[in-house]
Amino acid sequence: MRIVRSSHIGLCFGVKRAIRVAMEHRSRHTGPMYSLGPLLHNPQEVRRLEKAGIIVRDELEKCADGPTLVRTHGITRQQLEKARTLGIELVDAVCPRVEVVRRHMEEYGRRGYLVVLAGDAGHPEVIALRSYAKGPVVVVSRPDQLPERFEKTPVVVLSQTTKDVATFDAIVMACRQRCDEVEQVRTICSDAVRRQADGARLARNSDMVIVIGGRNSANTTRLAEICRRIQPRTHHIEDPAELKALDFRGVETIGLASGASTPDWLVDDVERQLRLAIG
Ligand code: SF4
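Residues numbered from 1 in each chain as written. Predicted model: local features only at pLDDT ≥ 70, side-chain atom pairs only at ≥ 80, totals over all residues. Heavy atoms only, no water.

(A) Seen up close, the site of the ligand. The immediate surroundings of the ligand are formed by C12, F13, G14, C95, R97, T161 and C189. Split into classes, the residues belonging to the shell around the ligand amount to four nonpolar, two polar and one charged. (Near = heavy atom within 4 Å. Nonpolar A, V, L, I, M, F, W, Y, C, P; charged D, E, K, R; others polar.)

(B) Up close: the sheet that holds strand β11 (residues 234–237). With parallel pairing, the four strands of this open sheet are ordered in space as β1-β12-β10-β11. What marks the edges here is a single partner per strand, and that holds for β1 (2–5) and β11. Neighbour to neighbour, the strand axes of the sheet diverge by 25° on average, direction disregarded. Strand direction decides the pairing type here: strand β10 (residues 208–212) and strand β12 (residues 253–258), joined by five bridges, are parallel. Paired with I210 across the two strands is L256, which belongs to β12. (Pairing = 2+ DSSP bridges. Helix = DSSP H or I, 4+ residues; strand = E, 2+ residues; numbered from the N terminus. Axes fitted to C-alpha atoms, helices over the stretch in contact; angles between N-to-C directions.)

(C) Focus on the sheet that holds strand β5 (residues 90–92). Here four strands make up an open sheet; going across it, the order is β3-β2-β4-β5 and the pairing parallel. The outermost strands of the open sheet, each flanked by one partner alone, are β3 (54–57) and β5. Each strand of the sheet is rotated relative to its neighbour by a mean of 35°, with strand direction disregarded. Note: strand β2 (residues 33–36) against β3, four bridges, orientation parallel. Considered in β3, the bridge of L36 is made with R57.

(D) Molecular detail of the pattern of salt bridges. Per the stated rule, a full pass over the model turns up 19 salt bridges. Put simply, D268 and R5 hold a salt bridge, and the shortest N to O gap is 2.7 Å. In this pair, D268 sits in helix α9 (residues 264–278) while R5 sits in strand β1, placing the two residues 263 residues apart along the sequence. Here D268 falls in the partly exposed class, since its relative accessible area comes to 35%. One salt bridge connects R48 with E45, and the closest N-O pair in it is separated by 2.8 Å. (Salt bridge = Lys/Arg side-chain N within 4 Å of Asp/Glu carboxyl O. Buried < 20%, exposed > 50% of the residue type's maximum accessible area, 1.4 Å probe, protein only.)

(E) Up close: the domain arrangement of the protein chain. Partitioning the protein chain into structural domains gives domain 1 (2–10 + 190–278), domain 2 (13–95) and domain 3 (97–184). Computed over C-alpha atoms, the centres of domain 1 and domain 2 are 29 Å apart. The interface of domain 1 with domain 2 comprises 12 residues on the first partner and nine residues on the second. A combined buried area of about 820 Å² lies between domain 1 and domain 2, and 50% of that area is made up of carbon and sulfur atoms. It is N216, S261 and W265 that lose the most area in domain 1 upon contact with domain 2, and together they represent 49% of the buried surface on that side. At the junction of domain 1 and domain 2, the tally comes to zero salt bridges. Where domain 1 meets domain 2, there are three residue pairs in polar contact (both at pLDDT 80 or more). Looking at the side of domain 1 that touches domain 2 residue by residue, the classes come out as four nonpolar, five polar and three charged. (Domains from an automatic or database assignment. Contact = heavy atoms within 4.5 Å. Buried area = accessible area lost by both parts, 1.4 Å probe. Polar contact = N/O pair within 3.5 Å; in protein donor to acceptor, adjacent residues only side chain to side chain.)

(F) Region of the structure containing the packing of aromatic side chains. Here the structure, examined in full by the defined rule, presents one aromatic pair. Ring geometry for Y108 and Y113: centres 4.9 Å apart, planes at 85°, overall edge-to-face. Take Y108 and Y113: they sit in the same class, and that class is buried. Here the basic side chain of R102 rests over the ring of Y132, its NZ or CZ set 5.4 Å away from the ring centre. Note that R111 overlies the ring of Y108, its terminal NZ or CZ placed 5.0 Å from the centroid. (Phe/Tyr/Trp six-rings, centres within 6.5 Å; stacked < 30°, edge-to-face > 60°. Lys NZ or Arg CZ within 6 Å of the ring centre and 35° of its normal.)

(G) Structural view of the nonpolar core. Core analysis: the largest hydrophobic core is formed by 24 residues, its most contacted members being M105, V115, L117, V156 and L158. For this core, the elements supplying multiple residues, two or more each, are β2, α4 (96–110), β6 (114–118), α5 (124–130), β7 (137–140) and β8 (155–159). Examining the composition of this core, we find that four residues originate from one element, α4, more than from any other. Mapping this core onto the domain boundaries places at least three of its residues in each of domain 2 (13–95) and domain 3 (97–184). Beyond its immediate chain neighbours, meaning those up to four positions away, V156 contacts Y108, Y113, L114, V115, V116, E183, Q184 and V185. (Core = buried A, V, L, I, M, F, W, Y, C linked by side-chain atoms within 4.5 Å.)

(H) How the structure looks around unusual backbone geometry. In this structure, P154 follows T153 across a cis peptide bond, with omega equal to 0°. Within the secondary structure, P154 sits in the loop between β7 and β8.

(I) Structural context of the pairing of β12. Extensive coverage of β12 is indicated by the burial of six of its six residues. For β1 and β12, the ladder comprises four bridges, and the chain directions are parallel. Its bridge partner lying in β12, V4 is registered against G255.

This is how it looks when you write it as structure tokens:
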């Protein structure tokens, strides 16, 4: 049995950078230190960071006595203002690619555009981005969620960084059916695009795909969905112990992929345990 790794596996650039910022700050600061929400969507890595003294807090009021990390997704404008009012020191670990979307959001709003943001309305990145809008914003995850008519034109379509390309393109096309003045800026992160393309390639060439990542990680879930559409024997696992439940009968090639917030040490651990499981 062969194990083939996706060529884009383990942490993405933005999450690696956020962990580096966190650990550098931790090494310089002796008192309590916080992260506003988990720094990444991976429970094992969050526990590792907690052991290093980076405590997850959901509310700014509970971060008053220590520097507080702003994770890759960013925070809302209201949270930023509140932190200033409370005198909280914020440590910026926002992914530069998310910052690009925020700048487009502000700029197009200022220029009088209606922004269609292709993304999941409940995702922290989308909630944060939306709060910086300078004009009307419509958030849709699928084309059929678009309104019949836009209240305002021109329109620009932007995307959550981890949106899949096919759905984004379908949303742009549906906007063009509703109005003539539509621009698009495909602000999908290149890491997400490559990961999805590699995942699909892996699924086509494997008898089973194992996608490693937190169950609360939207990009891991999306990657697993993309792989499963091609290879139904796709399993999204969070922990190596879950390998025990898998049936490897008839499998010659196993593809290994991961979400952007899955640490490299966990990928190595899964591969090690997988080799033991298949003998
Ligand atoms: S997936 Fe892309 S946008 Fe998101 S944190 Fe990673 S590098 Fe940044």
